[in-house]
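Report on the structure
Residue strings, one per chain:
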Amino acid sequence: MTTTRTQVAIVGAGPSGLLLGQLLHKAGIDAVIVERVSGEYVLGRIRAGILEQVCIDLMDEAGVGQRMHQEGLVHGGIEMLYGGQRHRVDLNKYSGGKNVMVYGQTELTRDLMDARQSVGLKTVYEVSNTAVHDFDSAKPYVTYEKDGQQHRIDCDFIAGCDGFHGVCRASAPRGAIREYEKVYPFGWLGLLSDTPPVNDELIYVNSPRGFALCSQRSKTRSRYYLQVPLTDKVEEWTDDAFWQELKLRLDEEGRDKLVTGPSLEKSIAPLRSFVTEPMRFGRMFLAGDAGHIVPPTGAKGLNLAATDVKYLFDAIVEFYKDKSEAGIDDYSRKCLGRIWRAERFSWWFTQLMHRFSHDEKITAKFQNAELDYLMHSEAGLTTIAENYVGLPLDFGR
Ligand code: RFL
Ligand code: PHB
């Protein structure tokens, strides 16, 4: 068994773990990251695509925003397609001047990985049997195996950035944890292709055949999604079948402009709302998907992960610099306020835009009427815009 010592042991090198590691490094706080899979595997997972301003600001604070500002596309609006008609939500106008940015999670992760590597910070990839210990004391530690060898990291804090299936949440004492969950009866089939996007802005589609989303990664790379039954298998969806179904869910303009091509990646993701309370267990903290999952309809997953990391980073800095535990004590409460607001929006937007199997015909009529109300009311447009761009960090306080 080899033993090393660090201030913060981070479990998971997804966006949460890497961003926390980078912020801590900038603040002169030492951290080691352990990750179950390889770096290439992490980069191969195609996930989020939309950054809120808070996430952009954090990338800047971490000193890794340069390529994001060069290559990211600033979007000031989204389109909603229902009843065969498109309606634009002017995000900028209705949120008091805010925008979102199209910049893929893969790119953001790559920037963070590169920054970490360039200064020689330690990330241990392809570890197994990670375990967290004694986090109810001031001397927690993490153990793991790598190439058949046992390792131990002694630390002051453990950051559980290990996603929904990670070990940290699973190690919290059962009596101390409450979990809230809703599983939706459908998934999203995603397709990535090197084709120009069908539209300058994202299109969220409520169609009688189910939800669709036209998103993008750049001016030459598109990301599309289709609502599919959970029983569908990705191998059964040919590229042709995907494009055909997407066309059926679009309007005439969309069908005319859609450029199809071979898929670079196709996958089905289930939809889930999930929250863990609390997010702190002694000297162990959960951040990102380890503590909560949103259905992707509102593009909130990655952005929520970034705000958890911001709160955790501030709390850890306060501990070392001001010798104060106030930030640590308040971490869970601070995170959960923001998390429940984003969970609510993602759940509401999902209900509004998808076909549910138990639906009666009247439900589609209700959805159309609600969308019509929202698109023709200043209050309705404001409600979508201010939630989509992300509520202010001090909202409700
Ligand atoms: P991640 O990205 O899941 O990273 C967690 C990392 O921890 C590692 N890990 C372990 N490492 C060591 N020891 C262990 N025992 C470990 N167990 C796990 C994992 O290998 C992994 O590398 O969580 P993080 O960093 O909190 O980041 C959160 C975001 O990834 C997530 O919120 C979003 O990607 C969610 N999400 C989406 N969000 C959006 O905003 N828009 C989207 O379009 C969108 N699409 C998605 C998504 C999430 C998906 N998942 C999780 C199934 C599509 C999918 C398929
Ligand atoms: C994406 O580009 O992957 C994306 C964009 C917006 C969403 C969900 C996913 O709401």
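See the structure above.
These remarks concern the structure in this document.

Calculation notes
Residues numbered from 1 in each chain as written. Chains lettered and ligands numbered in written order. Predicted model: local features only at pLDDT ≥ 70, side-chain atom pairs only at ≥ 80, totals over all residues. Heavy atoms only, no water. Helix = DSSP H or I, 4+ residues; strand = E, 2+ residues; numbered from the N terminus. Buried < 20%, exposed > 50% of the residue type's maximum accessible area, 1.4 Å probe, protein only. Expected span 1.5 Å × (residues − 1). Pairing = 2+ DSSP bridges. Contact = heavy atoms within 4.5 Å. Axes fitted to C-alpha atoms, helices over the stretch in contact; angles between N-to-C directions. Polar contact = N/O pair within 3.5 Å; in protein donor to acceptor, adjacent residues only side chain to side chain.

This part takes up the environment of Ser16. Inspection of the secondary structure assignment puts Ser16 in helix H1 (residues 15-26). The exposure class assigned to Ser16 is buried, which follows from its relative accessible area of 7%. Along the primary structure Ser16 and Asn303 are separated by 287 residues, whereas in three dimensions their C-alpha atoms are 9.8 Å apart.

Our next topic: helix H6 (residues 105-118). Taking 1.5 Å per residue as the helical rise, H6 with its 14 residues ought to reach 20 Å, and the 20 Å between its terminal C-alpha atoms agrees with that figure. Of the residues making up H6, those classed as buried are Gln105, Thr106, Leu108, Thr109, Asp111, Leu112, Met113, Ala115 and Arg116. Phi turns positive one or two residues past the end of H6, at Gly120, with a value near 70°.

Reading across from one edge, S7-S6-S15-S16-S17-S14-S18-S21 is the order of the eight strands in this open sheet, with mixed pairing throughout. Edge strands, defined here as strands with exactly one partner in the open sheet, are strand S7 (85-90) and strand S21 (292-293). Contacts from helix H11 (residues 326-353) reach strand S6 (77-82), strand S14 (178-193), strand S15 (203-207), strand S16 (210-216), strand S18 (263-277) and S21, with the element oriented near 125° to S18. The sheet strands contacting helix H13 (residues 378-388) are S6, S7 and S15, and the helix crosses S7 at an angle near 60°.

This brings us to the environment of Val389. The residue Val389 is located in the segment after H13 in this model. Between the alpha carbons of Val389 and Ala287 there is a distance of 21 Å; along the sequence they are 102 residues apart. Those residues in contact with Val389 that sit more than four places away from it in its chain are Glu52, Gln53, Leu91, Ser95, Lys98, Asn99 and Val100.

As a further point, take the side chain of Thr350. Note on placement: Thr350 falls in helix H11. Among the residues examined, Thr350 registers a relative accessible area of 0% and is labelled buried. Within polar-contact distance, the side chain of Thr350 engages the backbone oxygen of Ser346 at 2.5 Å. Here Thr350 is in contact with Tyr184, Phe186, Leu271, Pro295, Thr297 and Phe356, once residues within four sequence places are set aside.

So far we have only geometry, and geometry alone does not tell us how the molecule works.
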